[in-house]
Amino acid sequence: MLSHHAGLVYVMVMVSACDGDMTDAELETIGEIVRFLPIFREYDPALLIKTTAACAELLDSETGMAGALDVIKASLPAWLRETAYALACDVAASDGEPHPEVMRLLELIRHKLEVDRLVAAAIERGARARFVRP
């Protein structure tokens, strides 16, 4: 069983990796989120690389993305599922316009974590607003 911190990191790593290119902007966003958001106050940032590697290993396993989503859901209490979706959206938005693969993964995450569609739309709009570029 993963900690809720690891579950949050896994969801961000999945979004970053799903289009086959973990960009510097996405990795920087993940690092900033882990360093600055209150939910990660009790998480040791030195574990980020190990947690990211474990997620990549799970994604490469036989169960792949479906297994990773199951593990993520099991690690997150209900009160953190909207937060997980928000972090996923932030990583997706950090690299400009998300690829269709990323949009599909966000939809899968939303369904798996049972995030209400209207809540998800608000979260998505907030992410786009935070990462807008001139």
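Residues numbered from 1 in each chain as written. Predicted model: local features only at pLDDT ≥ 70, side-chain atom pairs only at ≥ 80, totals over all residues. Heavy atoms only, no water.

**What to know about the side chain of Thr 51**
For clarity, the cut-off: Strands are runs of DSSP state E lasting at least 2 residues, helices are runs of H or I lasting at least 4, and numbering of each runs from the N terminus. Contacts: residue pairs with any heavy atoms within 4.5 Å of one another.
One can find Thr 51 in helix H3 (residues 48-59). Residues within four places of Thr 51 in sequence aside, it is in contact with Ala 6, Val 9, Tyr 10 and Tyr 43.

**Here's the deal with the state of the cysteines**
Defined as follows: Working definition: a disulfide is two cysteine sulfur atoms within 2.5 Å of each other. The buried label applies to any residue whose accessible area, calculated with a 1.4 Å probe on protein chains only, is under 20% of its type's maximum; exposed applies above 50%, and partly exposed to all values in between.
The final tally for this structure, using the stated rule, is zero disulfides. A disulfide-free cysteine, Cys 55 has its sulfur positioned 11 Å from the sulfur of Cys 18, the nearest such atom. On the basis of relative accessibility, which here comes to 0%, the residue Cys 55 falls in the buried class. Left without a disulfide partner, Cys 89 is nearest to the cysteine sulfur of Cys 18, which lies 12 Å away.

**Looking at the environment of Ser 94**
Just so we agree on the cut-off: For this analysis, a polar contact is any N or O atom pair within 3.5 Å, provided that within protein one partner can donate a hydrogen and the other can accept it, and provided that sequence-adjacent residues contribute only side-chain to side-chain pairs.
Note on placement: Ser 94 falls in the loop between helix H5 (81-93) and helix H6 (100-112). Accessibility expressed as a relative area gives 2% for Ser 94, which makes it buried. Distance from Ser 94 to Phe 131, taken between C-alpha atoms, is 5.8 Å for residues 37 residues apart in sequence. The residues contacting Ser 94, other than those within four sequence positions of it, are Ala 25, Glu 26, Thr 29, Phe 131 and Arg 133. A polar atom in the side chain of Ser 94 sits 2.8 Å from the backbone oxygen of Val 91.

**Some details on the layout of surface pockets**
Rules: Residues are said to line a cavity or pocket when one of their atoms sits within 4 Å of a point; the points come from a 1 Å grid over protein atoms alone, cavities being sets where a 1.4 Å probe fits but cannot get out and pockets being open sets with protein on both sides within 12 Å along at least five of seven lines. Grid points are joined across faces, edges and corners, and a volume is the space filled by probe spheres set on the points. In this count, Pro and Cys sit with the nonpolar residues alongside Ala, Val, Leu, Ile, Met, Phe, Trp and Tyr, while Asp, Glu, Lys and Arg are called charged and the others, Gly among them, polar.
By volume, the largest pocket is sized at about 260 Å³. For the largest pocket, the lining is made up of 14 residues, of which Ala 93, Gly 96, Glu 97, Pro 98 and Arg 128 are closest to its centre. For the lining of the largest pocket, the secondary structure elements donating two or more residues are H5, H6 and helix H7 (117-130). Along the lines of polarity and charge, the residues of the lining of the largest pocket split into nine nonpolar, one polar and four charged.

**Considerations on the environment of Ile 123**
Note on placement: Ile 123 falls in helix H7. Distance in space between the C-alpha atoms of Ile 123 and Ala 86 is 5.8 Å, their sequence separation being 37 residues. The residues touching Ile 123, leaving out its near neighbours within four places in the chain, are Glu 82, Tyr 85, Ala 86 and Cys 89.

**Description of the nonpolar core**
Test applied: Working definition of a nonpolar core: buried Ala, Val, Leu, Ile, Met, Phe, Trp, Tyr and Cys residues. They are joined through side-chain atoms within 4.5 Å.
Ranked by size, the top nonpolar core spans 40 residues in total, and within it Val 9, Met 12, Val 15, Phe 40, Tyr 85, Leu 106 and Ile 109 carry the most contacts. The element best represented in this core is helix H1 (residues 4-17), accounting for nine residues. Contact partners of Phe 40, with chain neighbours within four places excluded, come to His 5, Leu 8, Val 9, Met 12, Ile 33, Val 34 and Leu 87.

**Re the confidence of the model for the protein**
The condition is simple: A residue's pLDDT is the predictor's confidence in that residue, given on a scale from 0 to 100.
For the protein, the mean per-residue pLDDT works out to 94, and 100% of the residues sit at or above 70. Averaged pLDDT values for the elements of the protein fall to 93 in helix H2 (residues 24-36) and rise to 97 in H5.

**Structural notes on H7**
For clarity, the threshold we go by: Helices are assigned an expected span. That span is 1.5 Å times one less than the residue count.
Given a rise of 1.5 Å per residue, 14 residues ought to cover 20 Å, and the 20 Å separating the end C-alpha atoms of H7 matches this to within 8%. Residue Asp 116 occupies the N-cap position of H7, its side-chain oxygen lying 3.0 Å from the main-chain nitrogen of Leu 118.

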